[in-house]
Amino acid sequence: MTITRRTFGKYAIAAAGASALPMPFVRAARADDVARLGVLLPLSGPLASLGNDVMRGFELAKQLVNEDGGVFGKPAELVVVDVPSSTEATSQATRLITTNNVKVIMGSYASSISFAASQVAERNRVVYFEQGAVANDITERGFKYLFRFIYPASALGGGAAQFMLDTVAPRLGIAAGDLKVALLYEDSSYGTAVGEAARAVLDGAGVQVVDATSYSYKTTDLSSMVQRYRQLQPDVLIVCQYTPDGILFWRQAREAGLDVKAMIGNGGAHNVNEFADALGDDVNGILNAGTSVYINKDGLAPETATLFERFHAEHEKRFDGRKASAHTGMGFNAMWTVLKDILPAAGSMDTQAIREAALALDKPIGSTIVGWGVKFDPETQNNTRAFPTFDQWQSRQIKTVAPDPFGISEVKAVPLPGWGARGDI
């Protein structure tokens, strides 16, 4: 699988050109401007694991930009609020705008939080940059001050299903019409949109969808679903989960001896180090559709490849040897782009100038550390040059396997070996 005009349209949102265009304007900075940005993330509660990963990415980008001279010749500042769930999103977004007087908000990875908080920002004409929330409906409201860096859920779930058809099924030797697939997803707008998009692709290919079930990510027991799958015996599971429930499900599957020929996650739980730490060698062989910071840097522009190496080296140095996750990379990518490209082009913290600079930004594929380009659609303000990558756990490390030119490994161990027999993957 290679990123071309044809495959980019197939696996992502839209095809994109390969050359950067110059920004049409760069305003001179005003002397009194300070780049003070609000940050709205779940830093406690059940979504905290990934929220803190994103925060590390935001903070690292801010630190590096400030070490390079800052924005408008001054250090950028972050005003951070904790939003454990969507219940607090409206009040905390209001606080950032009215009390802290921010003109830009960066958030928030969780779709339910993003949906609520961005509505407050739009009402107040504050620019909201969403780095990682994928629910389709976030950008279907006609908002003018909301920009999303990541692809929508339909591209994620649909991409996972298409990857299964193109890459997994041939290795299983099972025709599409004979495949039995089960869909399991948490029931927020994120999980539901991913599940529905996967279902549409599978139905179109004539695959037998033997089960499609949603559940609350706050659950403490998924054993009933494990037992259901033992009875249904699907060949492939396509799942969409956050970290705690993702670990819970796979542990209970192991305890019950549930065997499947392949499992494909959709971001969330399935590409973070905590998943591997909790499951040991039994994580090996699991596939994931999402975003990766473990890609082939040779597919990046030279200056981006240098930034890629700097990102990884500085992350381990500044966060006690911790390896970066996909969510850290997405946070870094969004903050870096805003601080390095958009705000300097705007020349001030004037929200209309920032909006115009964002719409004018034109970065080709391979110009960010996650492989994406950046070009916001003038209607939806989605990034048309974002696309999922496809990864697999091998030797307890997440490794990108597609698309070219970003893969660093080949797909292994399909069908998936039994529990306790995955150490060599």
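A few points on the structure. Numbering of residues begins from 1 in every chain and follows the order in which that chain's sequence is written. Note on the predicted model: pLDDT of at least 70 is required for a residue's local features to be given, and 80 or more for side-chain atom pairs to be given and counted; whole-chain, interface and lining totals, by contrast, use all residues. Note that the side-chain values use all heavy atoms of the structure and ignore hydrogens as well as water.

Quick word on the sheet that holds strand β8 (residues 236-240)
- When DSSP finds two or more bridges between a pair of strands, those strands are recorded as paired. Secondary structure elements follow DSSP: runs of H or I of four or more residues count as helices, runs of E of two or more count as strands, with numbering from the N terminus. Strand order in this open sheet of seven strands is β7-β6-β8-β9-β10-β11-β12, and the pairing throughout is mixed. In this open sheet, the two strands that pair with only one neighbour each are β7 (208-215) and β12 (397-402). Mean inter-strand twist for the sheet, computed between neighbouring axes without regard to direction, equals 25°.
- Here strand β9 (residues 262-266) runs beside strand β10 (residues 287-290); their pairing, made up of three bridges, is parallel. Across the sheet, the residue bridging to Asn266 is Ala289, located in β10.
- Residues are treated as being in contact if the distance between any of their heavy atoms lies within 4.5 Å. Fitted lines through C-alpha atoms give the axes, limited to the stretch in contact for helices. The angle between two N-to-C directions lies from 0 to 180 degrees. In the packing of helix α5 (residues 153-172) onto the sheet, contacts are made with β6 (180-186), β8, β9, β10, β11 (389-394) and β12, and the angle to β9 comes to roughly 160°.
- Across the face of the sheet, helix α6 (residues 189-204) comes into contact with β6, β7, β8 and β9 while running at roughly 165° to β6.

Quick notes on the environment of Ser367
- Mapped onto the elements, Ser367 comes out in the loop between α12 (351-360) and β11.
- Among all residues touching Ser367, those that are not within four sequence positions of it are Thr304, Trp372 and Gly373.

A short note on unusual backbone geometry
- The residue after Ala402, namely Pro403, is reached through a cis peptide bond having omega 0°.
- Tracing the chain through its elements places Pro403 in the segment after β12.
- In this structure, Gln233 is a non-glycine residue whose phi angle is positive, near 50°.
- Here the term buried applies to any residue with accessible area under 20% of the maximum for its type, exposed to any over 50%, and partly exposed to those in between, with areas from a 1.4 Å probe on protein chains only. On the basis of relative accessible area, Gln233 is assigned to the exposed category, the value being 54%.
- Positive phi values are uncommon outside glycine, yet Arg396 reaches one of about 60°.
- If you trace the backbone, Arg396 turns up in the loop between β11 and β12.

Here's the deal with the packing of α5 against α6
- Two elements in contact, α5 and α6, have axes whose closest approach is 7 Å; the angle formed by their N-to-C orientations is 40°. The angle between α5 and α6 places the two elements in the oblique class. Regarding α5 and α6, the two cross each other, and that crossing is right-handed. Facing α5, whose interface residues are Ala153, Ser154, Leu156, Gly157, Gly158, Ala161, Gln162, Met164 and Leu165, α6 presents Tyr190, Ala193, Val194, Ala197, Ala198, Val201 and Leu202.
- Classification used: nonpolar for Ala, Val, Leu, Ile, Met, Phe, Trp, Tyr, Cys and Pro, charged for Asp, Glu, Lys and Arg, polar for all others including Gly. Across the contact of α5 with α6, the residue classes break down as 12 nonpolar, four polar and no charged. Roughly parallel refers to an angle under 35 degrees, roughly antiparallel to one over 145, roughly perpendicular to one between 65 and 115, and oblique to any angle outside these ranges. Take the far helix as your reference; a near helix turned counterclockwise from it by less than a right angle gives a left-handed crossing, and one turned clockwise gives a right-handed crossing.

Topic: the pattern of salt bridges
- Salt-bridge detection follows one rule: a side-chain nitrogen of Lys or Arg within 4 Å of a carboxyl oxygen of Asp or Glu. Inspection of every chain in the model, using the stated rule, returns 19 salt bridges.
- A salt bridge links Arg318 to Glu67; the shortest N-O distance between them is 2.8 Å. Here Arg318, found in helix α10 (residues 302-318), pairs with Glu67, found in helix α2 (residues 48-67); they are 251 residues apart in sequence, far enough to count as distant.
- Note that Arg318 and Glu314 form a salt bridge whose closest N and O atoms lie 2.8 Å from each other.

Some thoughts on the packing of aromatic side chains
- Note on ring pairs: Phe, Tyr and Trp rings are taken, using the six-membered ring of Trp, and paired if centres are within 6.5 Å. Classes follow the plane angle, with under 30 degrees stacked, over 60 edge-to-face and the rest tilted. Per the counting criterion, the structure on display carries 15 aromatic pairs.
- The interplanar angle of 0° and the centroid separation of 4.6 Å between the aromatic rings of Phe163 and Phe390 together place this pair among those described as stacked. With Phe163 in helix α5 and Phe390 in strand β11, this pair connects stretches of sequence that are 227 residues apart.
- We classify Phe390 as buried; its relative accessible area is 0%.
- Here Phe387 and Phe406 contribute two aromatic rings whose centre-to-centre distance is 5.9 Å and whose plane-to-plane angle is 25°, an arrangement assigned as stacked. Placement of Phe387 in the loop between α12 and β11 and of Phe406 in the segment after β12 is noted, with a sequence separation of 19 residues between them.
- The buried category is assigned to Phe387, whose relative accessible area is 1%.
- The exposure class of Phe406 is buried, given its relative accessible area of 1%.
- Aromatic rings pair up to connect Tyr109, Tyr190, Tyr217 and Tyr242 into one cluster.

Geometric descriptors of this kind do not, in isolation, establish any biological role.
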